[in-house]
Amino acid sequence: MFDLFHAGLSDWQVTTSGSGTVQANDGLRLTVQPNGSAAHYHNAQIADYTYQDFRFRWHAPLTLTVIAGRAGVIPPHTGTAGFGFWNHPLSPELRRRLPRLPAAIWFFYGAPPHDLRLALDVPGHGWKAQTIDAARPQALALAPIAPLLMLLMRVPPLYRPIYRRVQRILKVGEAALDPGLLADRHTYTITWARDRARFTVDGAVVLETPFAPAGALGFIAWADNQVMVATPQGHFRWGIAPLHTPQTLVIESLRIERDS
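Chemist: Help me understand the overall build of the protein, please; the structure alone is not making it clear to me.
Modeler: Counting its regular elements, the protein contains three helices and 18 strands. By the compact-globule yardstick of 18 Å for 260 residues, the protein fits well, its C-alpha radius of gyration being 18 Å. Its C-alpha atoms give the protein principal-axis dimensions of about 50 × 50 × 40 Å. In the protein, buried positions account for 53% of the 260 residues. Across the protein, contacts joining residues at least 24 apart in sequence account for 71% of those joining residues at least 6 apart. Taken together, the 24 basic and 19 acidic charged side chains of the protein have centroids lying 9 Å from each other.

Shown next as structure tokens:
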């Protein structure tokens, strides 16, 4: 797959909420902006699957290359944004698909107070290279004892040894990136192999990890004003943050190549 977004979006599933707009003429522009109630959810998104069947087409081995930048404001931003592959854990229409645990391999941004702590010694917010596969049988086996583990990890001496093991089971690989990258044009690459993943920015390796999702995933690119909090100690919250300025994720080109 290769797209310069010059010929419209007929091959993509477009989703918008609130003030979100998706434009494709000279590249792709996913924009959210202040409009209406501060408590309104705003989202601009493209994906290559639908909410009717969630038929995901991508799996290892492959390489994703995206030339992207974020225009409109200088960091810090509001909400979340990113691009890559995931399993869309929550369906907008729960009657069509039950919730599931997340699997993803992507570049992901979350602005404070967003706090999604997946890896030891990596902040829960910011611009990141990230993998997780909580949909594996080994990860699902943790579910019955998850409440106990969360309580134990509130004891400081126990947190690191317990969560180091949990992180391996969840296949979490993560690296914090300079948020200043979002203000400029850069080339982002994900090499997704069956037993490892490599992330580069402008050819420089920013994350190399033995953790990679095992199943099929769908491509997504988005910008929104969502806030999520999820910590190993069991603190969870979802909400939205008010937008004060327009924000746009710009994607000039996207290439997905299946590797042999």
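Chemist: Honestly, the sheet that holds strand 16 (residues 226-230) in this entry has me stumped. Any pointers?
Modeler: Each strand in a sheet pairs with another by means of backbone hydrogen bonds, the pair being arranged parallel or else antiparallel. Sheet architecture is open: three strands sit in the order 9-16-17, paired in mixed fashion. Of all strands in the sheet, those bounded by a partner on one side alone are strand 9 (115-116) and strand 17 (236-240). When strand 16 meets strand 17, the two strands line up antiparallel, connected through five bridges. Its bridge partner being in strand 17, Val 227 is matched across the sheet by Gly 239.

Chemist: Mind showing me how you'd approach the packing of aromatic side chains here?
Modeler: Centre-to-centre distance and the angle between the planes together describe a pair of aromatic rings. All told, the structure shown has 21 aromatic pairs when counted by the stated rule. An angle of 85 degrees between the planes, with centres 5.0 Å apart, marks the rings of Tyr 49 and Phe 56 as edge-to-face. Phe 56 carries the same exposure label as Tyr 49, and that label is buried. Seen in terms of ring centroids, Phe 107 and Phe 199 are 5.3 Å apart; in terms of plane orientation they differ by 85 degrees. Their pairing is edge-to-face. Linking Phe 107 in strand 8 (residues 103-110) with Phe 199 in strand 13 (residues 197-201), this pair joins segments that are 92 residues apart in sequence. Across this residue pair, the class does not change: Phe 107 and Phe 199 are buried. The rings of Phe 5, Trp 12, Trp 58, Phe 85, Trp 192 and Phe 219 are connected pair by pair, giving a single aromatic cluster. In this structure, Arg 255 is placed above the aromatic ring of Phe 2, and the distance from its NZ or CZ to the ring centre is 4.2 Å.

Chemist: So what exactly am I meant to see when it comes to the nonpolar core here?
Modeler: Grouped burial of nonpolar side chains is what soluble globular proteins tend to show. Ranked by internal contacts, the top residues of the largest apolar core, which has 46 residues, are Ile 46, Phe 83, Phe 85, Phe 107, Trp 192 and Phe 219. One finds Ile 132, Ala 134, Leu 149 and Ile 220 within the second-largest nonpolar core, a separate group that totals 30 residues.

Chemist: Which parts of the structure should I look at to understand helix 3 (residues 156-169)?
Modeler: For an α-helix, 3.6 residues make a turn, and residues three or four places apart therefore share a direction. Its 14 residues give helix 3 an end-to-end C-alpha distance of 21 Å, which sits within 8% of 20 Å, the value for a rise of 1.5 Å per residue. Taken together, the buried positions of helix 3 are Tyr 159, Ile 162, Tyr 163, Val 166, Gln 167 and Ile 169. Against strand 10 (126-133), helix 1 (137-140) and helix 2 (146-152) lie the buried residues of helix 3. Just past helix 3, the residue Lys 171 takes up positive phi, approximately 55 degrees.

Criteria and thresholds
- Residues numbered from 1 in each chain as written.
- Predicted model: local features only at pLDDT ≥ 70, side-chain atom pairs only at ≥ 80, totals over all residues.
- Heavy atoms only, no water.
- Helix = DSSP H or I, 4+ residues; strand = E, 2+ residues; numbered from the N terminus.
- Rg over C-alpha atoms; globule rule 2.2 N^0.38 Å.
- Buried < 20%, exposed > 50% of the residue type's maximum accessible area, 1.4 Å probe, protein only.
- Contact = heavy atoms within 4.5 Å.
- Lys, Arg positive; Asp, Glu negative; His and termini not counted.
- Charge placed at Lys NZ, Arg CZ, Asp CG, Glu CD.
- Pairing = 2+ DSSP bridges.
- Phe/Tyr/Trp six-rings, centres within 6.5 Å; stacked < 30°, edge-to-face > 60°.
- Lys NZ or Arg CZ within 6 Å of the ring centre and 35° of its normal.
- Core = buried A, V, L, I, M, F, W, Y, C linked by side-chain atoms within 4.5 Å.
- Expected span 1.5 Å × (residues − 1).

Take it as geometry only, folks, not as evidence of what the structure does.
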